[in-house]
Amino acid sequence: MTARPTDPAAVGDYPHLVADDISQIIYRSWDEIFGLPRKEAEAYQLRAARRRLEQLLPHVAALKDQVEQAGVSRIEKLDDLVPLLFNHTTYKSYPISLLENNRFDMLTRWLQRMTVVDLSGIDARECRGVDEWMTLLETKTPLQIFHTTGTTGKLSFIPRTTLEADFWNHIYLSSYAGLSSEAGIK
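Residues numbered from 1 in each chain as written. Predicted model: local features only at pLDDT ≥ 70, side-chain atom pairs only at ≥ 80, totals over all residues. Heavy atoms only, no water.

With the exception of glycine, most residues fall at negative phi, and the peptide bonds are largely trans. Even without a glycine there, the phi angle at Asn 102 is positive, about 55 degrees. Relative to the helices and strands, Asn 102 resides in the loop between helix 4 (97-100) and helix 5 (104-112). (Helix = DSSP H or I, 4+ residues; strand = E, 2+ residues; numbered from the N terminus.)

This paragraph deals with helix 3 (residues 61-70). Taken together, the buried positions of helix 3 are occupied by Ala 62, Leu 63, Gln 66 and Val 67. Looking straight down helix 3, one finds that the buried residues subtend no more than 140 degrees of arc, so they occupy a single side. More than 90 degrees from the buried face of helix 3, the exposed residues found are Glu 68 and Gln 69. The inward-facing, buried residues of helix 3 abut helix 2 (38-56). At the C-terminal side of helix 3, Gly 71 shows a positive phi close to 70 degrees. (Buried < 20%, exposed > 50% of the residue type's maximum accessible area, 1.4 Å probe, protein only. Arc of directions from axis to C-beta. Contact = heavy atoms within 4.5 Å.)

In terms of nonpolar packing, the biggest core is built from 21 residues, with Leu 107, Leu 111, Trp 133 and Phe 157 touching the most fellow members. Residue assignment for this core shows that the elements contributing at least two residues are helix 4, helix 5, helix 6 (130-140) and strand 1 (143-149). Among residues more than four places away in sequence, those in contact with Trp 133 are Phe 104, Leu 107, Thr 108, Leu 111, Ala 124, Cys 127 and Phe 157. Counting 10 residues, the second largest nonpolar core, distinct from the first, contains Leu 36, Ala 48, Leu 163 and Phe 167. (Core = buried A, V, L, I, M, F, W, Y, C linked by side-chain atoms within 4.5 Å.)

Right under this line is the structure:
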């Protein structure tokens, strides 16, 4: 089920959709991952965090804002990551009137602030609902939009690339399979 694209030619205009050495750790066994000595695991996490910040910062406006607000421009230690994590409200920071008035063109511009995928060529003016908008984005780009609601009822929109969604699904299914086998469930 999970794709492991490693060839830049296979992803066309989206070279950031190529699985790299950071992401390949998810294909290790749970015993190997959780068996790493703490210092080795933390060194890996620190290298990965530094590289991802370097890769994403020039392209993700919401991350630039978070870096400016937090005053953290370099990751020296793992604790430096905490202020760079998005608050749950980031994913629902759009004006609700965009949904109420079917302004999916403006919602697309808002979403652009949170992804490296270029959405400038997406014309969402004719979308008449959230489902139509998400379908448009998913058919015209390598995004899969995850959505949730909280206690406020306002939708959160979380843009994930197809590669990120594959990774998430792989991890989820692997953890579930691991828990099932530990419990003796077949």
